[in-house]
Amino acid sequence: MTDTQKELNLIIISDAAGETAYKNAVAAAAQFPTATVNYRRYPFVTNVEKLESTLDEVKELSNVVIIYSLVKSELQLPVIKFSREANIQAIDILSPTVEAINQVTGIKPVEISGAQHQLNQNYFDRISAMEFAVLYDDGKDPKGFLEADVVLLGVSRTSKTPLSLFLANKNLKVANLPLVPQTHIPDEIYKIDPKKIIGLTNDAKVLNEIRVARLKSYGIEADNSYSNMDAINEELNSAKKLFDKLGCYVINVSHRSIEETAALIMKHLEIEDEL
């Protein structure tokens, strides 16, 4: 990949919905039209445990820039420490402005996450959708499928969770279910309007590369059933049979950003993106 075709992972970490940090990232990335930009959003990172889990995921990636909007110092400091140790660029888009206002006015900041948002119904709906996505991630509770606006089905590493959170930021209630051959599909899946179900698939070679890299990052031997090509093809074929049975809309996420996949889903659902 040449310099002009460089792939970039922009990590957006926020203790609220993350719209401010995301818009900042998009505006900056627009200055590099030849780069392939992947936006990975981590909203509502409100405690150290969630932050540590987020940073563990970031460790697996290359060509990373972290853009964070965290009000509390106990969350800012671990990001600073992590970025220095990992030699990653990290941009704090909030603190310099807050500190400047503090210096000029002498007023102590209130340290309230998301204080810039007007507390209207649209904002509360978005918060509710985010909480729904977290609650019903990875098929934790099958009843969520019946309450969801969108149900994502896909094998491991088809971006179900980040896509769920991205769509939740568009006020959509999203539940997702990982597909593994020979596992029981909850009865609730067959009771949903097929139009609400989105099947996520990927190219076998791409999945293999992603999974091998993931295993190596954990120091695990890469030659196992998780990354084996025959096993991957079996997973993909099993998922395809389910998608055909359900008659749902299927998207191949290979070489697609979260934003592109989300746009296809919203178009399929005939939902206009007004946010």
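Read on for an overview of the structure. (Residues numbered from 1 in each chain as written. Predicted model: local features only at pLDDT ≥ 70, side-chain atom pairs only at ≥ 80, totals over all residues. Heavy atoms only, no water.)

Our next topic: the packing of aromatic side chains. Applying the stated criterion across every chain, the model contains 3 aromatic pairs. For the pair Y22 and F166, a centre-to-centre distance of 6.4 Å together with 80 degrees between the ring planes defines the contact as edge-to-face. In this pair, Y22 is assigned in helix α1 (residues 19-29) and F166 in helix α7 (residues 160-168), connecting sequence segments 144 residues apart. Both residues of the pair, Y22 and F166, belong to the buried class. Three or more aromatic residues joined by ring pairs form one cluster here, namely Y22, Y39 and F166. When the ring centre of Y226 is taken as origin, the NZ or CZ atom of R211, which lies over that ring, is 4.7 Å away. (Phe/Tyr/Trp six-rings, centres within 6.5 Å; stacked < 30°, edge-to-face > 60°. Helix = DSSP H or I, 4+ residues; strand = E, 2+ residues; numbered from the N terminus. Buried < 20%, exposed > 50% of the residue type's maximum accessible area, 1.4 Å probe, protein only. Lys NZ or Arg CZ within 6 Å of the ring centre and 35° of its normal.)

Let's shift gears to the sheet that holds strand β1 (residues 7-14). Strand order in the open sheet formed by 4 strands is β2-β1-β3-β4, with parallel pairing between adjacent strands. Every other strand in the sheet has two partners, leaving β2 (36-42) and β4 (89-92) as the edge strands with one partner each. This sheet shows a mean twist of 20 degrees between the axes of neighbouring strands, independent of strand direction. Strand direction decides the pairing type here: strand β3 (residues 64-69) and β4, joined by 4 bridges, are parallel. Bridge assignment links I66 to a residue of β4, and that residue is A90. Contacts from α1 reach β1, β2 and β3 within the one sheet, and its direction differs from that of β2 by about 170 degrees. (Pairing = 2+ DSSP bridges. Axes fitted to C-alpha atoms, helices over the stretch in contact; angles between N-to-C directions. Contact = heavy atoms within 4.5 Å.)

Once that is clear, we can look at unusual backbone geometry. With phi around 55 degrees, D138 is a residue other than glycine that occupies positive phi space. Among the secondary structure elements, D138 is positioned in the loop between α5 (121-135) and α6 (143-147). Non-glycine residue R157 carries a positive phi angle of around 70 degrees. Relative to the helices and strands, R157 resides in the loop between β5 (150-154) and α7.

Below, the discussion takes up the packing of helix α2 (residues 48-58) against helix α3 (residues 73-86). Relative to each other, α2 and α3 sit at 20 degrees, their axes nearing to 10 Å. If you check the angle between α2 and α3, you find them roughly parallel. The hand of the α2/α3 crossing is right-handed. Here α2 contributes V48, L51, L55 and V58 to the contact with α3, which in turn contributes E74, L75, P78, V79 and F82. (Parallel < 35°, antiparallel > 145°, perpendicular 65-115°, else oblique. Left-handed = near helix turned anticlockwise from the far one by under 90°.)

Looking at where T201 falls in the secondary structure, it is placed in strand β7 (residues 197-201). Of the residues examined, T201 reaches a relative accessible area of 18% and is grouped as buried. Setting aside chain neighbours within four positions, we find T201 in contact with T158, L236, V250, I251, N252, V253 and S254.

Glancing now at the sheet that holds strand β6 (residues 174-178). Spatial strand order, β6-β5-β7-β8: 4 strands in an open sheet with parallel pairing. Strands with a single pairing partner mark the edges of an open sheet, and in this sheet they are β6 and β8 (249-252). Here the average twist between neighbouring strands, direction ignored, is 25 degrees. The sheet strands contacting α7 are β5, β6 and β7, and the helix crosses β6 at an angle near 175 degrees.

With that settled, the discussion passes to the packing of helix α8 (residues 204-217) against helix α9 (residues 229-246). Between α8 and α9, the shortest axis-to-axis distance is 10 Å and the interhelical angle comes to 125 degrees. What the angle tells us is that α8 and α9 run oblique. Here α8 and α9 pass one another in a crossing that is right-handed. Each of A204, K205, L207, N208 and R211 in α8 lies in contact with α9, whose residues at this interface are M229, I232, N233, E235 and L236.

Within β2, 5 of the 7 residues are buried, which leaves the element mostly enclosed by the surrounding structure. Examined bridge by bridge, β1 and β2 share 7 bridges and lie parallel to one another. Opposite I13, over in β2, you have Y42 as the bridge partner.

Between its terminal C-alpha atoms α8 stretches 20 Å, which fits the 20 Å expected from 14 residues at 1.5 Å a residue. Listing the buried residues of α8 in full gives A204, V206, L207, N208, R211, V212 and L215. On the buried face of α8, the contacting elements are α9. Of the residues one or two after α8, G219 is the one with positive phi, at around 70 degrees. (Expected span 1.5 Å × (residues − 1).)

Nothing here speaks to function; it is all geometry.
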